[in-house]
Amino acid sequence: MGILNEMFGDGDSGQLAPPAGELLAEGEYESVSDEILRGYKVYQKKYVFTSLIWKMLLVALAVTSSVMMIMTSEDPMLPAICLLISISVGIWFVSTPVSNRKKLMRGLDSMEGTKYKAEFFTDKIKISTPIEESVETVQTVQIVQEKQEQTEQSEADIALGGENEEIPATVIHLDSPIVDLTDREDMFILVVKKAYVFIIPKRAFTEDECQRIRDKLSAIMGIRYKA
């Protein structure tokens, strides 16, 4: 909860609500499997694989050190254990993003055709689904979680419920430093804490609305808006 609850809260804290941001665009769309995979691939390339390179460099350093210790130590037992641990950690680093992608692909059938509404404001982005769609779908389908560190996942606190009780909604506040928005030719890819991914197709908006989003949010978010 804590500070993340303040960043992604649903506004029901008993305090005066901040002024509403300017509405830039709103539109509805249906989830398409190929679109989700393309967006998820961009997310993995920008965030997961870049981080993986640095992690594997540390693993390589640990493996090299362990091998050197085995060659020079009178008792190679401890270095051998360190070597096995290093190799195991490296395998886990590599297998986690692969496993997550496979889980996503297995769940694409349930995602297909799910209806969403996206609203872009100057201070937040709101994603909702009709009441007949289950809240669980919003949590597990539209938000793709890259479970690299369990502690990060347990701390993340994205609010459901929003401002309208009739429409379950996810609200992401753009003033948070852990929120990035990638502007692709055919979609917006919203990333929270490098772990939660929202893929919003531009076909839900007009060209003028997309341009307004680009002009406003690039100025507001700065380097966190990635064109």
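You'll find the structure just up there.
In this report, we go over the structure that sits alongside the text.

1. Thoughts on the overall build of the protein
- Broken down by element type, the protein carries seven helices and nine strands.
- Looking at the 227 residues of the protein, the share that counts as buried comes to 44%.

2. Focus on the nonpolar core
- One finds F120, L181, F188, L190, I200, F205 and L217 to be the most contacted residues of the largest nonpolar core, which totals 26 residues.
- For this core, the secondary structure elements donating two or more residues are β1 (23–30), β2 (115–121), β3 (124–128), β6 (179–183), β7 (187–192), β8 (196–201) and α7 (207–221).
- Here this core takes four residues from α7, the largest share from any one element.
- Grouped together as the second largest cluster of nonpolar side chains are 15 residues, L108, M111, M187 and I189 included.

3. Here's the deal with the pattern of salt bridges
- This structure, assessed with the given rule, holds seven salt bridges.
- Its salt-bridge partner being E35, residue R203 comes within 2.7 Å of it at the nearest N-O pair. Of the two residues, R203 is situated in the loop between β8 and α7 and E35 in helix α2 (residues 33–72); the sequence distance between them amounts to 168 residues.
- Among the residues examined, E35 registers a relative accessible area of 9% and is labelled buried.
- When the shortest N-O distance is used, the salt bridge between D186 and R38 registers 2.9 Å. Of the two residues, D186 is situated in the loop between β6 and β7 and R38 in helix α2; the sequence distance between them amounts to 148 residues.
- Residue class for D186 comes out partly exposed when judged on its relative accessible area of 31%.

Here is what the cut-offs are and how they apply
- Sequence order as written defines the numbering, with residues in each chain counted from 1.
- It should be noted that, the model being predicted, local features are given only for residues of pLDDT at least 70 and side-chain atom pairs only at 80 or more, the latter also being counted only at that level, while totals for whole chains, interfaces and linings use all residues.
- Excluding hydrogens and water, the side-chain figures rest on all heavy atoms present in the structure.
- For the purposes of this entry, the term helix denotes a DSSP run of H or I that reaches at least four residues, the term strand denotes a run of E that reaches at least two, and both are numbered from the N terminus.
- Think of it in three bands: with a 1.4 Å probe and only protein chains considered, a residue is buried below 20% of the maximum accessible area for its type, exposed above 50%, and partly exposed in between.
- Within this scheme, the nonpolar core is defined by two criteria: the residues are buried Ala, Val, Leu, Ile, Met, Phe, Trp, Tyr or Cys, and they are joined through side-chain atoms within 4.5 Å.
- For salt bridges, the criterion is a side-chain nitrogen of Lys or Arg within 4 Å of an Asp or Glu carboxyl oxygen.

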